[in-house]
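Summary of the model geometry
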Amino acid sequence: MILPNFAYVRPKSLKEAIQHLASDEARIHAGGTDLLGCLRDDIFSAKKIVSLAELKELRGIYPTKEGGLRIGALTTVTEVAGSKIVQERYPGLAKAAAEVASPQLRNQGTIGGNICQKPRCWYYRGEFHCLRKGGDKCFAFKGENQFHCIFGSSSICYIVHPSDIAPALVAFDATARVVGPKDGRWVPLEKIHVLPGVDPQKETVLKADEILTEILLPPPAPGLRSSYRKVRARQSWDFALAGVALALQLKEGRVEKARVVLSGAAPVPWRSKEVERVITGKRLDADIVAQGAGAAVEKAEPLEQNGYKIPLFRGMIEEELLAIVKA
Ligand SMILES: Cc1cc2nc3c(=O)[nH]c(=O)nc-3n(C[C@H](O)[C@H](O)[C@H](O)COP(=O)(O)OP(=O)(O)OC[C@H]3O[C@@H](n4cnc5c(N)ncnc54)[C@H](O)[C@@H]3O)c2cc1C
Ligand code: SF4
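For the structure given in this document, a descriptive report is provided here. (Residues numbered from 1 in each chain as written. Chains lettered and ligands numbered in written order. Predicted model: local features only at pLDDT ≥ 70, side-chain atom pairs only at ≥ 80, totals over all residues. Heavy atoms only, no water.)

What about the overall build of the protein?
Formally: Runs of E in the DSSP output that reach at least two residues are strands. Runs of H or I that reach at least four are helices, and both are numbered from the N terminus. Computation of the radius of gyration draws on C-alpha atoms alone. For the globule rule, the value is 2.2 Å times the number of residues to the power 0.38. Exposure classes here rest on a 1.4 Å probe applied to the protein chains alone. A residue is buried below 20% of its type maximum, exposed above 50%, and partly exposed in between. Two residues form a contact once any of their heavy atoms are found within 4.5 Å. Areas reported as accessible are Shrake-Rupley estimates using a 1.4 Å probe. Residue values count occlusion only from the protein chains shown. Think of it this way: Lys and Arg go in the positive column, Asp and Glu in the negative one, and His and the chain ends go nowhere. A charged residue contributes its charge at one atom only: NZ of Lys, CZ of Arg, CG of Asp or CD of Glu.
When you go through the protein residue by residue, the secondary structure sums to twelve helices and twelve strands. For the protein, the C-alpha radius of gyration of 20 Å lies close to 20 Å, the compact-globule estimate for 327 residues. Based on the C-alpha atoms only, the size of the protein along its principal axes is roughly 60 × 50 × 35 Å. Counting over 327 residues, the protein shows a buried share of 53%. Residue pairs in contact within the protein that sit at least 24 positions apart in sequence constitute 62% of those at least 6 positions apart. Summing over all exposed atoms, the protein offers an accessible surface of approximately 15,000 Å²; the carbon and sulfur share of this is 53%. Once the 46 positive and 37 negative side-chain charges of the protein are each reduced to a mean point, those two points are 3 Å apart.

Observations concerning the sheet that holds strand E1 (residues 7-9)
Rules: Any two strands between which DSSP finds at least two bridges are classified as paired. Lines fitted to C-alpha atoms define the axes here, with helix axes fitted over just the stretch in contact, and angles between the N-to-C directions of these axes take values from 0 to 180 degrees.
Strand order across the open sheet formed by three strands is E1-E3-E2, with parallel pairing between neighbours. Both edges of this open sheet fall to E1 and strand E2 (26-29), since each of them pairs with a single strand only. For this sheet the average axis-to-axis angle between neighbouring strands, irrespective of direction, equals 25°. By the bridge criterion, four bridges tie E2 to strand E3 (residues 48-51) in an arrangement that is parallel. Directly across from His-29, in E3, lies its bridge partner Ser-51.

Observations concerning the site of ligand 1
This is how it is decided: Here, proximity means that at least one heavy atom of the residue falls within 4 Å of the molecule or strand. Between N or O atoms, a polar contact is any pair within 3.5 Å; within protein, one atom must be a potential hydrogen donor and the other a potential acceptor, and residues adjacent in sequence are included only when both atoms are from side chains. Only Asp, Glu, Lys and Arg are considered charged, only Ala, Val, Leu, Ile, Met, Phe, Trp, Tyr, Cys and Pro nonpolar, and every remaining residue, Gly among them, polar.
Around ligand 1 sit 31 residues in total, of which Ile-28, Gly-31, Thr-33, Thr-110 and Asp-164 are the nearest. The contact in question runs from an oxygen atom of ligand 1 to an N or O atom on the backbone of Ile-28, over 2.7 Å. Between ligand 1 and Gly-31 there is a distance of 2.7 Å, counted from an oxygen atom to a backbone nitrogen or oxygen. Compared with its free state, where it exposes 970 Å², ligand 1 has 93% of that area covered by protein. Among the elements that line the shell around ligand 1, the one with the most residues is helix H7 (residues 111-116), at four residues. Here the residues of the shell around ligand 1 are counted per class, giving 15 nonpolar, eleven polar and five charged.

Looking at the sheet that holds strand E12 (residues 270-271)
The strand order E9-E10-E11-E12 describes an open sheet built from four strands, whose pairing is antiparallel. The outermost strands of the open sheet, each flanked by one partner alone, are strand E9 (224-231) and E12. Across nine bridges, strand E10 (residues 242-251) lies against strand E11 (residues 254-263) in antiparallel orientation. Looking across to E11, one finds that Leu-246 is bridged to Val-260. Against the sheet, helix H12 (residues 309-326) touches E9, E10 and E11, its axis set at about 35° to E10.

Description of the environment of Ala-258
By the element assignment, Ala-258 lies in strand E11. With a relative accessible area of 11%, Ala-258 lands in the buried category. It is 15 Å that separates the C-alpha atoms of Ala-258 and Gln-291, two residues lying 33 residues apart in sequence. With sequence-adjacent residues up to four places away left out, Ala-258 is seen in contact with Ala-247, Leu-248, Arg-271, Glu-276, Ile-279 and Thr-280.

Brief notes about the site of ligand 2
For ligand 2, the set of nearby residues contains 13 residues, the closest of which are Cys-121, Cys-130, Cys-138, Cys-157 and Tyr-158. Residue composition of the shell around ligand 2, grouped by class: eleven nonpolar, one polar and one charged.

Regarding the packing of aromatic side chains
The test is simple: Each pair of aromatic rings taken from Phe, Tyr and Trp, with Trp reduced to its six-membered ring, is defined by centres within 6.5 Å and is described as stacked if the planes are under 30 degrees apart, edge-to-face if over 60, and tilted in the remaining cases. For a lysine, the NZ atom is tested; for an arginine, the CZ atom; a charge sits over a ring if that atom is within 6 Å of the ring centre and within 35 degrees of the ring normal.
Going through the model one piece at a time under the given rule, you end up with seven aromatic pairs. Ring geometry for Tyr-90 against Phe-172: centres 5.2 Å apart, planes inclined by 85°, an arrangement best described as edge-to-face. Placement of Tyr-90 in the loop between helix H4 (84-89) and helix H5 (91-98) and of Phe-172 in the loop between helix H9 (165-171) and strand E6 (175-179) is noted, with a sequence separation of 82 residues between them. When its relative accessible area of 0% is taken as the criterion, Tyr-90 is described as buried. You can call Phe-172 buried: its relative accessible area is 7%. Chaining the aromatic ring pairs together yields one cluster made of Tyr-123, Phe-128 and Phe-139. The ring of Phe-44 carries the charged tip of Arg-27 above its face, separated from the ring centre by 3.9 Å.

Such coordinate-based values are descriptive only and should not be taken to indicate function.
In structure tokens:
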């Protein structure tokens, strides 16, 4: 299908952009790598496209005086992956960004767009009027569901959240600035995405006239180690079959604090508090690591074709926990 007609505006200020978003069926355009595909495939429609391209204040990576980092929403995925300061302070985030899609998509795609991108369920992306598009049925439940979720569906919608970057941001306890017509608010990344049990037609808590403007990363705590591991079906670009973002604070060989977040597992970046509970306060020896990895999948609810994700997550988490101790 060719792109349908729409008005295209390039506002010069955030205020102006938000005013444009108040009109019926207006959509934000950042890098356009996901948005244009959605419009072309008729997943949703748009009467007005609001480009953020002129909003230079939404670009760049800046250290905060407290020792953290601000990343503007229009910063490209390539810039995040290649930033020295991100690599030094938040290596798990740099790694996650480097694992996103292909070089071309990383050059064009932005961190804000990556967090707000639409799911990749093939029924949703195809000509199926499923529940997430306002229909009354989930086609994946009894259909082709090998890439769908094993946690968090509420037996409603079985998408997996597609971003590699968002799980890493949740692991670092990042917050996002969201600005609307009246004011702005800070939302923990952990609370940005919406589970199907809350609303099966929304992916984020943002309203139609709100813009995610920046990400704030807290200063890395002493002894913080981080990583991101992604398993995909093939070696070239692909979304995560399974992934894990780790941010562990280690002291004298013990885990003081742990944040473990799974990708390819649930409709949102999935914090595995079960693993965190098992490993906190412990030395990461082979036994504890195996217990932690086992705990990660204890509550999994696989569908007919994605049961393979259980041993995949268990093995991947085990390997990554052992690797982070040696790093
Ligand atoms: C072939 C392909 C493979 C991919 N593989 C991966 C992968 O392996 N891992 C991965 O993480 N991603 C992957 N992606 C997704 C890709 O990273 C995203 O398309 C990209 O990051 C989105 O950024 P963008 O700036 O182009 O967003 P856009 O396409 O401009 O926007 C995406 C969505 O977010 C909204 N939006 C954009 N910016 C904002 C903002 N600041 N505030 C509020 N809403 C906003 C838009 O309205 C739109 O709905 C893939 C995409 C493609 C097409
Ligand atoms: S998993 Fe969600 S997006 Fe996919 S068909 Fe079911 S309701 Fe639609």
